[in-house]
Amino acid sequence: MAAHLKKRVYEEFSKVVQIPHEEAPAKKLRLSKPSKSAALHIDLCKATNSTDALQYLLHFARKPVETESVEGVVRILLEHYYKETDNSVRLKIASLLGLLSKTQGFSPDCIVDDAINTLGNEKSHQVLAQLMDTLLVIGTQLPESPAVRQRLIEVACKHLSDTYFGVRNKCLQLLGCLGMVDTPLTKDNEGLVRDVQSIISDYFGDQDPRVRTAALKAMLQLHERGMKIHEIIYDQACRLLSDDYEQVRSAAVQMVWVLSHLYPESIVPIPSSNEEIRLVDDAFGKISHMVSDGSWMVRVQAAKTLGSMLQVSPQFLEQTLDKKLMSDLRRKRTAHERAKELFTSGEFSSGRKWADDAPKEKLDTNTVNLIASGACGAFVHGLEDEMFEVRIAAVEALCQLARSSASFAEKCLDFLVDMFNDEIEEVRLQSIHVLREISTHITLREDQLDTVLAVLEDSSRDIREALHELICYTNVSTKECVQLALLELLKNLNKYPTDRNSVWKCLKFMGSRHPTLVLPLVPELLSTHPYFDTPEPDMDDPAYIAVLVLVFNAAKSCPTMPALFSDHTFRHYSYLRDSLSHLLPGNGLDLVDSRCGLGSVESAQLFLQQSLNRVSTIQNLEAPGAQDLLDFTIRDLRRLGELQTELAGAADFCATYLRCQLLLMKALQDKLWNMAVPLCLKQNVTATAAAQQILEETYKLEFLYSGLDSRQVATIHHVRLQAKALQLILTARTRQGLDSLISSCEKFLQDIESFQRLFLTELPHLQDSFVDKLLELMPRLSSCKPVELVKILQTTLRQSGLLQLRLPEQTMSINSRTMRIHRATATIIEPTGESDNPLRFTTGLVVALDIDATLEHVQDPQNNVKVQVLYPDGQSHVIHPKPGDFRKPGPDRHRLITQVYLSHTAWTEPSQIEVRLLLAYSSSSTSLSSPSKLGWSDSIDSLPTPETAVEGTIPFSKPVKVYIMPKPARR
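- Per an unreviewed UniProt entry, the protein chain goes by the name Integrator complex subunit 4 and belongs to Dicentrarchus labrax.
- UniProt annotates the protein chain under Sequence similarities (unreviewed entry) with the comment "Belongs to the Integrator subunit 4 family."

Laid out in structure tokens, this is it:
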């Protein structure tokens, strides 16, 4: 027994306790960068001559400098500046001082005194000019320091008397960028206080043209900074319009234009006469005279400037279209003045003819004209200029003026139509676009239409399609014009079959705009006879389809036209209604749209708003009833978008948003969350797929629709945040990995902070929402464990209700058509996908596939639109078209005409590939925390970390299938 107890004692005290080994903490190394100022000082001390010093400075300029090292580097540079005798080295040092002053985070007020002191002993004019440029940089970096600004202005005034033009230029530039109108600067010899404008205007007459140009630009800089220029400057600017140097004349044109907008109603006298006219009219006449300047660059600027002078009197405006001086712009003497002159002449009459001795009035064009004779016919001169840049500028100016004046638009119509025959394609294309913009003010005569339609023979596809767009929105005067247009368009269709869709669309709009003119042409167009049956035309003929499109669209507004149709014409309408529905009216031939379009849009808008208001009541319904209500509302909104095209974007946007809410509601149903995870694996997979689908839909809502305001974008991000919370909860329920859960929780917290930073102004509109509750719990979420955070998210997400969608106010307005919500769409015209003949090519080589597509409401298509080719074996190629492949035929419309190169291995039989268009997006485009340029500093520790960018693509066109057949290479 004793032995047994002894054994137990030994057993109890012989336990081995293993103490865990604690690892020693790793030592942290602090990396210190070598001082840039010390390295620069060593390099400059090693320099034996000025060439070596200049090389060291050039090498130093290529390296970044930290913010904390800038001041030390500046001191080293200034110290070497005083020692250096070579002008080129001092010039480089002065340049480096200006560059260092732009370093982010560095305040250059500590080097102002040293920079100013360097001016005192400097003898080189080039170095002085560079030092003045450095002072200008320092002044712009310190906008909130009036004392430094005033001191720099005084330094600039002091050096304005320098003999070198470069110094005077920099001084004037400094006065323009830093000077204040209401601050007195200096006193002249008579003891009068002068302001910055009077000082700058003194140099309008400088002997150097570069200084005169700098003075004008400095005055314009004052205007750009919001300071009102004195009216007295106008006479000096007008005198500079006749300067010998084109840079001075160009700046003077800009100066006169600015003053005409500041003082349009001021009265100015006409030289050598007692007449007075408005300042804007006088300025218009003087700038019109500059359209005949000797320099083509001045002519371009003068022509562009005329287009923005919308306050000019109509008689001055119309004088630009006639080279002869109109009588309205010639000063006439009254009858009393003429009688007085006759009485004082003292001559006697023979009596044979009444008043035969009256002296004839002598007209001096320099004294009696209200506008200079050289300014007459300014646009005529511009449109006939030898430089095509001037002609384009004149055409654009005519467009701007004609849009604001219907009478002027009618008078300039002949001149614009004549430009259709210009030898330069760019000029012809711009003329067509201009006539399209003023089409609401004009009606084409038959001779004008003949000139316009002659352009359809042009070999350029862009020219022809632009002309089709013009004819769509142009009014013609007679039925002969309609017949002439139809014949020329059919010739175009026969010569260029690829223009088929564009010609059909053109005739659609022409028929709807001229129903009364098409009516007498119907028997001839359809080849009908009142007594005899005529043969039925071939429906495969594109020309016959074009005629039907014209007639059917005219019949929509003409109730007597269907009586002239034969039986087969109605059958053809039914056929086209199914195959080419976008080209035909939607109400049928027997229904005339007697309702006002405005009223139908208003009723559709009211229905849209009522649908959204009805959805807001689902908080009071049970889950099955709420889901049914969302289903019915989504169905109604999609149908509304199909019926009312003007509200299609808004209706589809609302339906997609409610679809996201419906998916979220189904994923949060009680059955999923009241059961153990192993018992609801199928429901878990469904909820995971729903969360992913919600994320994809939110990216479509944000990037596929335009016209959204910040409140709608905040609502989209709110739904996206709910989907991410659902993903995090499902991840925690299915995975056991603690590291992945921690990283997911940290990323979600960053998403909440990013939402708060991006939409701080919209948070008051998101009260009692999911994100509002999370922001209240943010201190707790930041400190709790991942499991507890997931529980809080699950409770908050299930308790959060539907956030009601508010449409922009512009969407509910009839007049604000440009601000509606629009969906980006794309229609592939070519290839059509109807051909059964495969596109054959040899394996290993490529074949070009022509792509022709129309893009609607796409933002920045050059960067965001891509072409995807999907092969039968699952391979997918994404091609980014060149920027030159995009055209812009109209507002919010683009045309993509490009080629896609296909290649593949050998196939045994033909097969189909799919071609579609993708819209690329990146979530970083909405981030406000993108780092800006760092300049000399390579440190980004102080900048906030931007949100991780999510990039993807959205298909926004229907896929087109094309047969191809790669053949094996012959041996």
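Read on for the rest.
Some remarks on the nonpolar core
Across soluble globular proteins, nonpolar side chains have a tendency to be buried as a group.
Thinking step 1. Ranked by size, the top nonpolar core spans 168 residues in total, and within it Leu135 and Ile200 carry the most contacts.
Thinking step 2. Per-element accounting of this core gives the leading share, eleven residues, to helix α30 (residues 542-555).
Thinking step 3. Once residues lying within four places of it in the same chain are set aside, the contact partners of Leu135 are Ala115, Ile116, Leu119, Leu152, Val155 and Leu174.
Thinking step 4. Counting 103 residues, the second-largest nonpolar core is a separate cluster that includes Leu640, Leu664, Leu704 and Ile752.

Quick look at the packing of aromatic side chains
Thinking step 1. Enumeration over the complete set of coordinates arrives at eleven aromatic pairs.
Thinking step 2. With 5.0 Å between their ring centres and 55° between their planes, Tyr164 and Phe165 make a pair best called tilted.
Thinking step 3. Judged by relative accessible area, Tyr164 falls into the partly exposed class, the value being 23%.
Thinking step 4. Measuring from ring centre to ring centre gives 5.9 Å for Phe552 and Phe565, while their planes differ by 70°; the resulting arrangement is edge-to-face.

Quick word on the packing of helix α4 (residues 70-83) against helix α5 (residues 87-101)
Thinking step 1. Closest axis-to-axis distance for the α4/α5 pair is 10 Å, and the angle between their directions is 160°. Considered as vectors, α4 and α5 are oriented roughly antiparallel to each other. Both α4 and α5 take part in a crossing whose hand is left-handed. Of the residues in α5, those in contact with Val70, Val73, Val74, Leu77, Leu78, His80 and Tyr81 of α4 are Val89, Arg90, Ile93, Leu96, Leu97 and Leu100.

Describing the pattern of salt bridges
Thinking step 1. Overall, the coordinates contain 39 salt bridges when judged by the stated rule.
Thinking step 2. The closest approach of N and O atoms between Glu71 and Arg75, which form a salt bridge, is 3.9 Å. Of the two residues, Glu71 and Arg75 are both situated in helix α4; the distance of four residues between them amounts to about one turn of the helix.
Thinking step 3. For Arg75, a relative accessible area of 33% translates into the label partly exposed.
Thinking step 4. For the salt bridge of Arg720 with Glu702, the shortest nitrogen-to-oxygen distance reads 2.7 Å. Of this pair, Arg720 sits in helix α37 (residues 710-734) while Glu702 sits in helix α36 (residues 681-703), placing them 18 residues apart in sequence.
Thinking step 5. Accessibility expressed as a relative area gives 9% for Glu702, which makes it buried.
Thinking step 6. Connected through shared salt-bridge partners, Arg461, Glu465, Asp852 and Arg895 make up one network.

As for unusual backbone geometry
Backbone phi values are negative for most residues with the exception of glycine, while trans is the configuration of most peptide bonds.
Thinking step 1. Following Glu830, the chain continues to Pro831 via a peptide bond in cis, the omega torsion being 0°.
Thinking step 2. For Pro831, the location among the structural elements is in the loop between β9 (825-830) and β10 (839-842).
Thinking step 3. Unlike most non-glycine residues, Ser527 shows phi in positive territory, near 55°.
Thinking step 4. Mapped onto the elements, Ser527 comes out in the loop between α29 (522-526) and α30.
Thinking step 5. A relative accessible area of 45% places Ser527 in the partly exposed class.
Thinking step 6. Here the phi dihedral of His857 falls at roughly 55°; this positive angle occurs in a residue that is not glycine.
Thinking step 7. In this fold, His857 is placed in the loop between β11 (847-856) and α42 (861-864).

Quick notes on the sheet that holds strand β14 (residues 886-890)
Strand pairs in the sheet, formed through backbone hydrogen bonds, run parallel or antiparallel to each other.
Thinking step 1. Strand order in the open sheet formed by four strands is β9-β11-β15-β14, with antiparallel pairing between adjacent strands. Two strands lie at the open edges of the sheet, namely β9 and β14, each paired on one side alone. Ignoring strand direction, the axes of neighbouring strands in this sheet form an average angle of 30°.
Thinking step 2. By the bridge criterion, five bridges tie β9 to β11 in an arrangement that is antiparallel. Each residue of the ladder has a partner; that of Thr825, found in β11, is Glu856.
Thinking step 3. Strands β11, β14 and β15 (893-902) of the sheet are contacted by helix α25 (residues 461-472), whose axis makes an angle of about 150° with β15.

Here's the deal with the side chain of Glu697
Thinking step 1. By the element assignment, Glu697 lies in helix α36.
Thinking step 2. Buried within the structure, Glu697 lacks any salt-bridge partner; Lys700 is the closest side chain of opposite charge, at an N-O distance of 4.0 Å.
Thinking step 3. The residues touching Glu697, leaving out its near neighbours within four places in the chain, are Thr656 and Cys660.

A few points about the packing of helix α24 (residues 446-453) against helix α26 (residues 479-495)
Thinking step 1. Contact geometry for α24 and α26: axes closest at 10 Å, N-to-C directions at 10°. The angle between the axes of α24 and α26 places the two elements in the roughly parallel class. Counting all contacts with α24, which are made through Glu446, Leu449, Asp450 and Leu453, the residues of α26 involved are Glu480, Cys481, Leu484, Ala485 and Glu488.
Thinking step 2. Split by residue class, the contact of α24 with α26 holds five nonpolar, no polar and four charged.

Re the state of the cysteines
Simply put, disulfide is the name for a covalent bond between the sulfur atoms of two cysteines.
Thinking step 1. For the structure on display, the rule yields zero disulfides.
Thinking step 2. Cys745 supplies the cysteine sulfur nearest to Cys784, a cysteine that is in no disulfide, at a spacing of 7.8 Å.

Some points on the side chain of Arg893
Thinking step 1. Structurally, Arg893 can be placed in strand β15.
Thinking step 2. A distance of 3.1 Å separates polar atoms of two side chains, one belonging to Arg893 and the other to Glu469.
Thinking step 3. Discounting residues that sit within four places of it in the chain, Arg893 has contacts with Glu469, Lys505, Thr854, Leu855, Glu856, Arg887 and Lys888.

Topic: the pairing of β14
Thinking step 1. Judged from the three bridges that link them, β14 and β15 form a sheet pairing that is antiparallel. Across the sheet, the residue bridging to Gly890 is Arg893, located in β15.

Reading the values: rules and limits
Along each chain, the written sequence defines residue order, and numbers are assigned to residues from 1. Restriction of local features to residues with pLDDT of at least 70 applies here, the model being predicted, together with a cutoff of 80 or more for giving and counting side-chain atom pairs; totals for whole chains, interfaces and linings are based on all residues. Only hydrogens and water are set aside when side-chain values are computed; all heavy atoms of the structure are taken into account. UniProt positions are given in the numbering used here, feature names are shortened, and annotations may be inferred rather than shown by experiment. Nine residue types can take part in a nonpolar core, namely buried Ala, Val, Leu, Ile, Met, Phe, Trp, Tyr and Cys, and a core is a set of them joined through side-chain atoms within 4.5 Å. Burial classification: accessible surface area is computed with a 1.4 Å probe over protein chains only, and a residue below 20% of its type maximum counts as buried, one above 50% as exposed, and the rest as partly exposed. What counts as a helix is a DSSP run of H or I of at least four residues, what counts as a strand is a run of E of at least two, and both are numbered from the N terminus. Any two residues whose heavy atoms approach within 4.5 Å are treated as being in contact. Aromatic pairs are defined between Phe, Tyr and Trp rings, using the six-membered ring for Trp, whenever the two ring centres lie within 6.5 Å; interplanar angles under 30 degrees are classed as stacked, those over 60 as edge-to-face, and all others as tilted. Throughout, an axis means a line fitted to C-alpha atoms (over the contacting stretch in the case of helices), and angles, computed between N-to-C directions, take values from 0 to 180 degrees. For classification purposes, an angle smaller than 35 degrees is called roughly parallel, one larger than 145 roughly antiparallel, one from 65 to 115 roughly perpendicular, and anything else oblique. Left-handed is the label given to a crossing in which the near helix is rotated counterclockwise from the far helix by less than a right angle, and right-handed is the label when the rotation is clockwise. For this analysis, a salt bridge means a side-chain nitrogen from Lys or Arg found within 4 Å of a carboxyl oxygen belonging to Asp or Glu. Strand pairing is assigned whenever DSSP identifies at least 2 bridges connecting the two strands. As used throughout, the charge tally considers Lys and Arg to be positive and Asp and Glu to be negative, leaving His and the chain termini uncounted. Note that Gly is not counted as nonpolar here; it falls among the polar residues with everything else outside the nonpolar set of Ala, Val, Leu, Ile, Met, Phe, Trp, Tyr, Cys and Pro and the charged set of Asp, Glu, Lys and Arg. Criterion for a disulfide: a pair of cysteine sulfur atoms within 2.5 Å. Here a polar contact means two N or O atoms within 3.5 Å. Within protein one must be a hydrogen donor candidate and the other an acceptor candidate, and residues neighboring in sequence count only if both atoms are side-chain atoms.

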